[in-house]
Every structure is written in C-alpha cells, then in structure tokens.
Amino acid sequence: EGSSEPNARLTALLGVVADVLGETINPIAVRGHLDAVSLRTQSYDVWDLSTDRALEARRTLVRAGVGPERVAQVAGKGDRSPSVEDVFDPRNRRLEIVLLRQFEDRD
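These notes cover the structure that comes with them. (Residues numbered from 1 in each chain as written. Predicted model: local features only at pLDDT ≥ 70, side-chain atom pairs only at ≥ 80, totals over all residues. Heavy atoms only, no water.)

**Details of the pattern of salt bridges**
Where charged atoms of side chains with opposite charge meet at close range, the side chains can pair.
Thought 1: Taken as a whole, this structure holds six salt bridges when the rule is applied.
Thought 2: One salt bridge in this structure joins Glu 56 and Arg 59, with 2.7 Å as the shortest N-O distance. Of this pair, Glu 56 and Arg 59 both sit in helix α2 (residues 46-63), separated by three residues, roughly a single helical turn.
Thought 3: The class of Arg 59 is partly exposed, set by a relative accessible area of 34%.
Thought 4: Notably, a salt bridge pairs Glu 96 with Arg 94, separated by 3.5 Å at the nearest N-O pair.
Thought 5: Of the residues examined, Glu 96 reaches a relative accessible area of 24% and is grouped as partly exposed.
Thought 6: Through salt bridges with shared partners, a single network forms among Arg 31, Arg 94 and Glu 96. (Salt bridge = Lys/Arg side-chain N within 4 Å of Asp/Glu carboxyl O. Helix = DSSP H or I, 4+ residues; strand = E, 2+ residues; numbered from the N terminus. Buried < 20%, exposed > 50% of the residue type's maximum accessible area, 1.4 Å probe, protein only.)

Laid out in structure tokens, this is it:
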C-alpha cells in the first residue's frame, strides 16, 4: 500500500502479460486504479499513486519486451472507476492493460 514500486509477484505477472502481448500487434493502454481509502494524510494522493503505478507497469512491460511504441495510453484513474460496488474494497486497487483496436488506414 502507498507505493508505486511493483513487488516480485506483480513483476512476474507483468512478464507473463508481456509474453502474451508479444503475440499481438495492437497498441495498448495501461491504467492504474485505487480504492477510495484516502492517502491524503501522506504526501501521496490517489491520483498521483494510481498514475505512478500505471507508469511503473508500463516501464516493467517495456523491460519485459513490449515495444515502447505500442503503449498508446498511460493513465491514473484514482478512485473514480471502481470494479466492485464497495468503493473501499481493496479489489478496486488494480492495473488494467487493454488491447486497443488496431484500425487499418483506408484510402
């Protein structure tokens, strides 16, 4: 909690994700999310932390072999897009790695 540094488990998991992404050509988006537990008592707020986590995930994916040109978006969503109804539920602390649609140029 309160850190943007990925732990060993997340680093390993992002390595697996990078391998799967290597099978695709789509651009990707990386989004960081948090629960509504306030970090305002510290010098880190939910916006900064969710953004920094997304940036660290991007860096980890690139180190694992994902071409940096494939990353089209990196965003911190703070606590604004919960995945479960209870905004304080720790399951809302997550990273999303989204394959974006690849459109061909049509002349």
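Next comes the rest of the description.
**Quick notes on the sheet that holds strand β2 (residues 71-76)**
Thought 1: Strand order in the open sheet formed by three strands is β2-β1-β3, and the pairing between neighbours is mixed. Edge positions in the sheet fall to β2 and β3 (94-99), since each has one partner strand and no second. Within the sheet, the average angular offset between the axes of one strand and its neighbour, ignoring direction, is 15 degrees.
Thought 2: By the bridge criterion, six bridges tie strand β1 (residues 28-33) to β3 in an arrangement that is antiparallel. Along β3, the bridge assignment pairs Ile 28 with Leu 99. (Pairing = 2+ DSSP bridges. Axes fitted to C-alpha atoms, helices over the stretch in contact; angles between N-to-C directions.)

**Comments concerning the layout of surface pockets**
Thought 1: Taken as a whole, the largest pocket holds about 420 Å³ of empty space.
Thought 2: Forming the boundary of the largest pocket are 18 residues, of which Pro 6, Asn 7, Leu 10, Arg 53 and Leu 95 lie nearest the centre.
Thought 3: Broken down by secondary-structure element, the contributors of at least two residues to the lining of the largest pocket are α1 (8-21), β1, α2 and β3.
Thought 4: Broken down by element, the lining of the largest pocket gets its largest block of residues, four residues, from α1.
Thought 5: The residue inventory of the lining of the largest pocket, partitioned by class, reads six nonpolar, five polar and seven charged. (1 Å grid on protein atoms, 1.4 Å probe; cavity = no way out; pocket = protein on both sides within 12 Å on 5 of 7 lines; lining within 4 Å. Points joined across faces, edges and corners; volume = space filled by probe spheres on them. Nonpolar A, V, L, I, M, F, W, Y, C, P; charged D, E, K, R; others polar.)

**Let's talk about α2**
Turn by turn, an α-helix covers 3.6 residues, leaving residues three or four places apart pointing in a common direction.
Thought 1: Between its first and last C-alpha atoms α2 spans 26 Å; for 18 residues at 1.5 Å apiece the expected length is 26 Å, and the two agree.
Thought 2: If you check which residues of α2 are buried, you get Val 46, Leu 49, Ser 50, Arg 53, Ala 54, Glu 56, Ala 57, Thr 60 and Leu 61. Looking straight down α2, one finds that the buried residues subtend no more than 160 degrees of arc, so they occupy a single side.
Thought 3: Where α2 is buried, its residues contact α1, β1, β2 and β3.
Thought 4: Gly 65 lies just past α2 and shows a positive phi near 115 degrees. (Expected span 1.5 Å × (residues − 1). Arc of directions from axis to C-beta. Contact = heavy atoms within 4.5 Å.)

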